[in-house]
Amino acid sequence: MILNFKTILFFSLIIFGYYFFIQEYENLNIKDIKITKNKKNVEINTEEENKNENIELKIFNNNKKNIKEASKEAVFYKITEIEVKQGQTFSSILNNYNFLDRKIFEINTELSKFFDLRKLKVNQKIIFYEDINNEVKKIEIVVDLETILEISLNNEVKIKKTKLRKISFEESKEFVILNSLYSDGIKNNLSPDILIKLIKLFSFDLDFQRDIKVNTLVSVSYGVSEIVKNNKIEYNDINYALISINGKKLEYFKFLTDDGYTDYFNRDGKNVKKSILKTPLDGAKISSNFGMRKHPISGYNKMHKGVDFAAPIGTPIYAGGNGIVEFIGNNGGYGKYIRIRHNNEYKTAYAHLSRYEKGISKGVRVSQGETIGYVGSTGNSTGPHLHYEILYQNKHINPLKLKLPSGKILTGKELQRFKNEYKKIYANHLNLLYE
């Protein structure tokens, strides 16, 4: 049988149609399977998320419980820090917090076993802890950088003395002066305390307004103490100092001498300091010279046995040299007066003081440059000034014309001990600079 063209075309369309039907059917099954699988995954993931949410909710609820329990145990204080003002006593400060007289007496009685309240200083810090009812529960007195007295006032007065942990270490700095020692030191992160000590140390050899030049090199090593609890810093003594001007070096090392003085010496063992200062205070003007004059009060011609330096009341007065306080107290027309014996030949005297530095008394050793008192106008005086005398073999001499004897020079075993120590100081300084 012979097939014509129409018959062949018909059967071809049927065959192709069947083929496409089968293909599409299989594709639909594959998509359904994928969708089903994905749906199962979604269900599994949702279950896991719900599970995690439940866990997180439980943890959060537990935390809320812990916070509530912790808040019951915690005590929150209002903390007030005050600084003691001139004329204030500890009792007068307590009165500001409405303590009963009986309670103040109880606190002072217990506190006196640990601390002499008469030694409470101006600017000393006292910290009060008040509860939500504004009732003081605790007081802290900052005795010094590392000592705190804690006064607990819950049921009875209890005092606890706490020594804060202190870390001691050394620092070294080196810089070049472009403007001034002080300003460039600050720019190079040097403490003002150390800069002041540095200026005092070199003031025996340098006029800082005239001698210091651009590109002067400064190198210094010093001790530092840090209180761990409050990060408070205290700067201690300079151990090594160098100022180099146009290649000329002034270099000093700290050293404890055999006679118990901490002083500074160059590499040859010569003391940086002169034995007696011509002017024992800063920034003062001479108001009356040594010699015969008409006394401003009596009107008679009389020998003026010292030099008068006009300065504001309260200006610090420095010990003219290392020595022992021989006399301190009122001395007739001299008013408040101090006399220091430096050696078998030299003494210095200071008159018309407003007050004495705490700790200065007869028999006390003082170091050159140490504050011993403050300018005043006590005794026969027409205004605030310091009357300064230097005595050589108990005879008054003109302080301004004094040929200053050289300071101590180390010899023998003391010199050898110094040389051993300064080498260690210098090596440590270099190590700190370049580590």
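Right, let's walk through the structure included here. (Residues numbered from 1 in each chain as written. Predicted model: local features only at pLDDT ≥ 70, side-chain atom pairs only at ≥ 80, totals over all residues. Heavy atoms only, no water.)

Locating Asn133 in the fold gives a position in the loop between strand E2 (125–130) and strand E3 (136–144). For Asn133, a relative accessible area of 60% puts it in the exposed group. Between the alpha carbons of Asn133 and Tyr77 there is a distance of 9.9 Å; along the sequence they are 56 residues apart. (Helix = DSSP H or I, 4+ residues; strand = E, 2+ residues; numbered from the N terminus. Buried < 20%, exposed > 50% of the residue type's maximum accessible area, 1.4 Å probe, protein only.)

It is worth spelling out the sheet that holds strand E8 (residues 233–245) at this point. Sheet architecture is open: five strands sit in the order E6-E7-E8-E9-E10, paired in antiparallel fashion. Only two strands of the sheet have a single partner each, and these edge strands are strand E6 (166–177) and strand E10 (262–265). For this sheet the average axis-to-axis angle between neighbouring strands, irrespective of direction, equals 20°. Across the sheet, helix H5 (residues 192–202) touches strand E7 (216–227), E8, strand E9 (248–256) and E10, and the angle it forms with E8 is around 45°. The strands touched by helix H6 (residues 412–434) are E6, E7, E8, E9 and E10; relative to E9, the strand with the most contacts, the crossing angle is about 115°. (Pairing = 2+ DSSP bridges. Axes fitted to C-alpha atoms, helices over the stretch in contact; angles between N-to-C directions. Contact = heavy atoms within 4.5 Å.)

So, about the layout of surface pockets. One number sums up the size of the largest pocket: a volume of about 1,000 Å³. The set of elements that each furnish at least two residues to the lining of the largest pocket consists of H5, E8 and E10. The residue inventory of the lining of the largest pocket, partitioned by class, reads 14 nonpolar, seven polar and nine charged. (1 Å grid on protein atoms, 1.4 Å probe; cavity = no way out; pocket = protein on both sides within 12 Å on 5 of 7 lines; lining within 4 Å. Points joined across faces, edges and corners; volume = space filled by probe spheres on them. Nonpolar A, V, L, I, M, F, W, Y, C, P; charged D, E, K, R; others polar.)

Attention now goes to the sheet that holds strand E1 (residues 78–83). The pairing of strands in a sheet happens through backbone hydrogen bonds and is either parallel or antiparallel. The sheet built from five strands is open, its strands ordered E1-E2-E3-E4-E5 with antiparallel pairing. Strands at the two margins of the open sheet, each flanked by one partner only, are E1 and strand E5 (158–163). Each adjacent strand pair in this sheet contributes to an overall mean axis angle of 20°, direction not counted. Helix-sheet contacts for helix H3 (residues 101–111) involve E3, strand E4 (147–152) and E5, and the interaxial angle to E4 is about 140°.

Moving on, we come to the pattern of salt bridges. Taken as a whole and judged by the stated rule, the model has 15 salt bridges. We note a salt bridge from Lys103 to Glu106, for which the minimum N-O separation is 3.8 Å. Of this pair, Lys103 and Glu106 both sit in helix H3, three residues apart, roughly one helical turn. Look at Glu106 and you get partly exposed, because its relative accessible area is 32%. Residues Lys137 and Glu135 are paired through a salt bridge, measuring 3.6 Å at the closest nitrogen-oxygen approach. (Salt bridge = Lys/Arg side-chain N within 4 Å of Asp/Glu carboxyl O.)

Counting residues in each nonpolar core, the largest one holds 23 residues, and the members touching the most others are Leu198 and Phe202. Listing elements by their share of this core, those giving two or more residues are E6, H5, E7, E8 and E9. Per element, the largest residue contribution to this core is five residues, and it comes from H5. Residue contacts for Leu198: discarding those within four places in its chain leaves Leu181, Val218, Val220, Ile238 and Ala241. Counting residues in hydrophobic clusters, the runner-up holds 21 residues, among them Val307, Tyr350, Ile390 and Leu402. (Core = buried A, V, L, I, M, F, W, Y, C linked by side-chain atoms within 4.5 Å.)

As far as function goes, none of this settles anything; it's purely spatial.
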